[in-house]
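Structural overview for review
Chain residues, written in single-letter form:
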Amino acid sequence: GRDFGDTARKVYAVASGALGNGKTVIVNADGTVSVVAGAGTATGSAIQYEAGNIAKPRSVYMTNVDRVVIVYADGGTNQGESVVGTVSGTSISFGSTATFLGNDFANLLASYDSNLNKVLLSYRDQNSSNRGAAIVGTVSGTSISFGSQALFTSDTPSQPSMCFDSNANKFLIAYTDGGDSNKGKSVVATISGTDVSFGSEVTFHDAGTDFIATSFDPDNNKILVAYEDAADSNKGKAVVGTISGTGISYGS
């Protein structure tokens, strides 16, 4: 064939749909060309929601009001802060920050109650002898307010995980109990108004437990609790939990 070198060439094709100038196209099976799906995606600019240092951030999306809640520790004071974000196109704007805890904490988690349109935060409260605590957040517009803190264990929990059961309209908080040989334990949490209450502690693994993860299965209305069995050569194991009332029962 003839070598045209670097000479500019033209290609003639039948368009399928609008072809914007400079867009990437693909040849379809029928010989037409169309814009590659996803080729027009864009990334927005970073928006600052906290002027100072932060630590331990978590975020949760509230589907019913189309808002994002970000919770974190203020790097200067170590107190718990939160902010509501609203996405528009490729940008996000934030409301004013609100404090949910006035002192240091650990193991921060956030989850969404899609039934009551509330956010539940759980953490280990340093000012309460490092006991497990939770608090309810209510979003109004671009602001969030919090109810009173409630404690869910008398011991020191660690490596927690939390999920929402949309069938029972309850949360499950699973954790390692540092005051009881690091056994794997859990509690069912229920939101009422701006308060949260808990059922009795239930053990899902009666030995050393690490690295807990929880997830809700809406097809079977069950919760899966996965963990590392520290008492059995750190093997990965899991149990199925069923919430009933304010309690939960587990399979093998």
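Just above, that's the structure.
Nothing here was measured: the structure is a model prediction, and the numbers come from that model. (Residues numbered from 1 in each chain as written. Predicted model: local features only at pLDDT ≥ 70, side-chain atom pairs only at ≥ 80, totals over all residues. Heavy atoms only, no water.)

1. Here we look at the overall build of the protein
What the protein contains, in helices and strands, is zero helices and 20 strands. Against the compact-globule benchmark of 18 Å for 252 residues, the protein has a radius of gyration of 25 Å, which places it well outside the compact range. With the principal axes as the frame, the protein shows a C-alpha extent of 80 × 45 × 35 Å. The 252 residues of the protein split such that 40% are buried. Taking the contacts inside the protein whose residues are at least 6 apart along the sequence as the reference set, 38% of them involve residues at least 24 apart. Summed over its atoms, the accessible surface of the protein is roughly 13100 Å², and 45% of this surface lies on carbon and sulfur atoms. Here the protein contributes 16 positively and 23 negatively charged side chains, and the mean placements of these two sets differ by 6 Å. (Helix = DSSP H or I, 4+ residues; strand = E, 2+ residues; numbered from the N terminus. Rg over C-alpha atoms; globule rule 2.2 N^0.38 Å. Buried < 20%, exposed > 50% of the residue type's maximum accessible area, 1.4 Å probe, protein only. Contact = heavy atoms within 4.5 Å. Areas by Shrake-Rupley, 256 points an atom, 1.4 Å probe, with all protein chains shown as cover. Lys, Arg positive; Asp, Glu negative; His and termini not counted. Charge placed at Lys NZ, Arg CZ, Asp CG, Glu CD.)

2. Focus: the pairing of strand E10 (residues 131–140)
Along E10, seven of the ten residues are buried, which leaves the element largely enclosed by surrounding structure. Bridge count between strand E9 (residues 118–125) and E10: seven bridges; the pairing is antiparallel. Looking across to E10, one finds that serine 122 is bridged to alanine 134. Remark: five residues form the turn of the hairpin made by E9 and E10, two consecutive strands paired antiparallel; serine 129 in that turn has positive phi of roughly 55°. As defined by bridge partners, E10 adjoins strand E12 (residues 150–151) across two bridges and the pair is classed as antiparallel. Following the sheet pairing, alanine 133 is matched in E12 by leucine 151. Where E10 lies against strand E11 (residues 143–146), four bridges are found, and the strand directions are antiparallel. (Pairing = 2+ DSSP bridges.)

3. Some thoughts on empty space enclosed by the protein
Rolling a probe over the atoms, with the probe sized like a water molecule, indicates the empty space that remains. Evaluated as defined, the whole model comprises one cavity of 30 Å³ or more. Size it by volume and the largest cavity reaches roughly 50 Å³. The wall of the largest cavity is formed by Asn107, Leu109, Ser122, Tyr123, Arg124, Phe152, Pro157, Ser158, Pro160 and Ile173. Listing elements by their share of the lining of the largest cavity, those giving two or more residues are strand E8 (105–113), E9 and strand E13 (157–165). Among the residues forming the lining of the largest cavity, the class breakdown is six nonpolar, three polar and one charged. (1 Å grid on protein atoms, 1.4 Å probe; cavity = no way out; pocket = protein on both sides within 12 Å on 5 of 7 lines; lining within 4 Å. Points joined across faces, edges and corners; volume = space filled by probe spheres on them. Nonpolar A, V, L, I, M, F, W, Y, C, P; charged D, E, K, R; others polar.)

4. Thoughts on the packing of aromatic side chains
The description of two aromatic rings rests on the distance between their centres and on the angle between their planes. Taken as a whole and assessed by the stated rule, the structure comprises eleven aromatic pairs. Judged by centre distance (5.4 Å) and plane angle (50°), the rings of tyrosine 49 and phenylalanine 94 are tilted. With tyrosine 49 in the loop between strand E2 (33–35) and strand E3 (54–62) and phenylalanine 94 in strand E6 (residues 91–94), this residue pair connects regions lying 45 residues apart in the sequence. On the basis of relative accessible area, tyrosine 49 is assigned to the partly exposed category, the value being 24%. Here phenylalanine 152 and tyrosine 175 contribute two aromatic rings whose centre-to-centre distance is 5.4 Å and whose plane-to-plane angle is 50°, an arrangement assigned as tilted. Residue phenylalanine 152 is located in the loop between E12 and E13, and its partner tyrosine 175 is located in strand E14 (residues 170–177); the two are separated by 23 residues in the primary sequence. Here phenylalanine 152 and tyrosine 175 have matching classes, each one buried. Lying across the ring of phenylalanine 105, lysine 56 places its NZ or CZ 4.8 Å from the centre. (Phe/Tyr/Trp six-rings, centres within 6.5 Å; stacked < 30°, edge-to-face > 60°. Lys NZ or Arg CZ within 6 Å of the ring centre and 35° of its normal.)

5. Looking at the side chain of lysine 118
Structurally, the position occupied by lysine 118 is in strand E9. One buried charged side chain, lysine 118, makes no salt bridge at all; its nearest oppositely charged neighbour is aspartate 113, positioned 8.9 Å away. (Salt bridge = Lys/Arg side-chain N within 4 Å of Asp/Glu carboxyl O.)

Note that every value here comes from positions in space, so none of it alone points to a role or purpose.
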